Amino acid sequence: MELFYIAVFLLSAAAAAALEGTRKSATGSESGNRDFLKFRNNYVLVYSLMMAGDWLQGPFVYALYQFYDFDRAAIGQLFIAGFGSSMIIGTLVGSLADRNGRKKAALTYVATYAFGCFTKHWNNFHILLVGRVFCGVATSLLYSAFESWLVAEHFKRGYEGNWLGGTFSKAVFLGNGLIAIVAGLLGHALVEVFKLGPVSPFDAAALVLIAGGVYIALTWTENYGDSADKTPFHASLVNAGKTIWEDPRVGLLGTMQSLFEGSMYTFVFLWTPALSPDGEHLPHGMIFACFMVSSMAGSALAGRLLAHASGYKPERYMQTVFAVSAATLTVPVAFHLQRSSETSSLDPNAPGITFEGKIQLLAFCVFEACVGIFWPSMMKMRSQYVPEESRSTIINFFRIPLNLFVCIMLYNTSALPLAAMFGMCALFLLGCAICQRQLAKIVEVENREFELSDSNVNLLSATKKEVPFPEA
């Protein structure tokens, strides 16, 4: 393995360790509240277990379908089934969390994802298709039910709102970073070292998910949307849609989430051909580890930024994050203006990564750091502006254009050149920066109006105290 990969990994890991190790993890009142720290640690553990179940499968899904001798078209159909079910069925099922309970939705995630893992034992297209449908539904629950439960439970217990940022940061640092690396190594060991077969990572994922489900059942209490027992289900869907349409803050958040995550998922399909346009050999596991530690560095940086209650605001600094992420994905555009033929990057006898590939890899690591900042920052903004009574419903509505976009990209991935796809992603990210700037302006205006109203109330109150009452 080239020293270049090791150097990138060590530098990224050092940055993540320094950012996480040197920041103050809690304010004085926060660190002194043992109940809150116990609550936070409980959520971070659950989130890490749920993400471990996801990460154990991720690197091996495509390889398993290849092992079953499905061609690229059939594999594409299976992936489209997963994103399509997340878009349609997942939106409806995830929206039920507000009405029927977020804890129940979390346990439903465990059941549906574990069933999806179970279907991987059959080399049958239709059974695997059903499994992908269940996994798509589970994905919608993963990215809505757990966050909704946390926000509602946090405020129900009377904790301060600015403590949420630290919880989100720790959860993403572990669940989307460290756990991803450990899960990748464990899956590799099960398949390559212990020779347990290509289905073994899915069996391990199911066991982890079931263990997490038991822990949820024993330690979590139930919570609902504020109007869970009053509004019919169809009316709650309509109300969520009206909120997105009428509240510009919520609409802008949804637009940014769809554009950013759409670019992120597209990047997952593009980075291998971008780094290996002529069949250069790539150590995929090492590159994945570089991406994950870069994401960890980003989430640790987000933790530092969110810890300043009156300092850095995500409405402001995310403008820069989106602009930087757009710049990173313009780098491969310059190197892929001419279309390249698709060649396998797994040939160990092929030459190593080129200088152009190294430049792109560094840019991709910066993009992953932006991803690490994005998750806790977006979660924090959603906790402020998305109404509690329909939180899960609205978050799942945000994922409809995202899943539609990914389905379209998967269907046309062989028809578009790399430069065009990366350029489109960069434009989407630039659109995120514009939306974030608009959101910051709206929030600033609202804050000024609130401060002016508050000052007028105080002035009126002081005037009343100074005016003497007439004697009887």
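Since the model is a prediction, treat every value here as computed from it, not as a measurement. (Residues numbered from 1 in each chain as written. Predicted model: local features only at pLDDT ≥ 70, side-chain atom pairs only at ≥ 80, totals over all residues. Heavy atoms only, no water.)

This paragraph deals with the nonpolar core. For soluble globular proteins, the rule of thumb is that nonpolar side chains tend to be buried together. The biggest cluster of nonpolar side chains holds 134 residues, and the ones touching the most others in it are Met-50, Tyr-109, Phe-146, Leu-253, Phe-291, Leu-329 and Phe-364. At 13 residues, the largest contribution of residues to this core is made by helix H16 (residues 355-385). (Core = buried A, V, L, I, M, F, W, Y, C linked by side-chain atoms within 4.5 Å. Buried < 20%, exposed > 50% of the residue type's maximum accessible area, 1.4 Å probe, protein only. Helix = DSSP H or I, 4+ residues; strand = E, 2+ residues; numbered from the N terminus.)

For the rest of this paragraph, the subject is unusual backbone geometry. The bulk of non-glycine residues show a negative phi, and the bulk of peptide bonds are trans. The backbone phi angle of Asp-69 is positive, close to 65°, even though this residue is not glycine. Positive phi outside glycine occurs at Lys-195, with the angle close to 55°. Position of Lys-195 relative to the elements: it lies in the loop between helix H10 (164-193) and helix H11 (200-219). With relative accessibility at 61%, the residue Lys-195 sits in the exposed group.

To continue, consider the packing of aromatic side chains. Aromatic rings in a pair are described by how distant their centres are and how their planes are angled relative to each other. This model, assessed by the stated rule, comprises 33 aromatic pairs. Taken together through their ring pairs, the aromatic side chains of Phe-36, Phe-39, Tyr-43, Tyr-47, Tyr-109, Tyr-113, Phe-146, Trp-149, Tyr-159, Trp-163 and Trp-220 make up a single cluster. (Phe/Tyr/Trp six-rings, centres within 6.5 Å; stacked < 30°, edge-to-face > 60°.)

All right, on to the packing of helix H1 (residues 3-22) against H16 then. For the pair H1 and H16, the least separation of the axes is 12 Å and the interaxial angle reads 20°. Here H1 is positioned roughly parallel relative to H16, judged by the angle of their axes. In the crossing of H1 with H16, the sense of the turn from one axis to the other is right-handed. Together, Phe-4, Tyr-5 and Val-8 of H1 and Lys-358, Leu-361, Leu-362 and Cys-365 of H16 make up the contact between the two elements. Considering only residue class, the contact of H1 with H16 consists of 6 nonpolar, no polar and 1 charged. (Axes fitted to C-alpha atoms, helices over the stretch in contact; angles between N-to-C directions. Parallel < 35°, antiparallel > 145°, perpendicular 65-115°, else oblique. Left-handed = near helix turned anticlockwise from the far one by under 90°. Contact = heavy atoms within 4.5 Å. Nonpolar A, V, L, I, M, F, W, Y, C, P; charged D, E, K, R; others polar.)

Attention now moves to a nonpolar patch on the surface. Taken together, the side chains of Phe-115, Phe-118, Trp-122, Ile-127, Val-130 and Phe-134 present a nonpolar region at the surface, about 510 Å² in accessible area. Of all elements in the fold, only helix H7 (102-118) and helix H8 (125-142) reach the threshold of two or more residues within the nonpolar patch. Per-element tally for the nonpolar patch: the top contributor is H8, with 3 residues. (Patch = residues over 30% accessible without salt bridge, like charges linked within 9 Å, V, L, I, M, F, W, Y side chains within 5 Å. Areas by Shrake-Rupley, 256 points an atom, 1.4 Å probe, with all protein chains shown as cover. Salt bridge = Lys/Arg side-chain N within 4 Å of Asp/Glu carboxyl O.)

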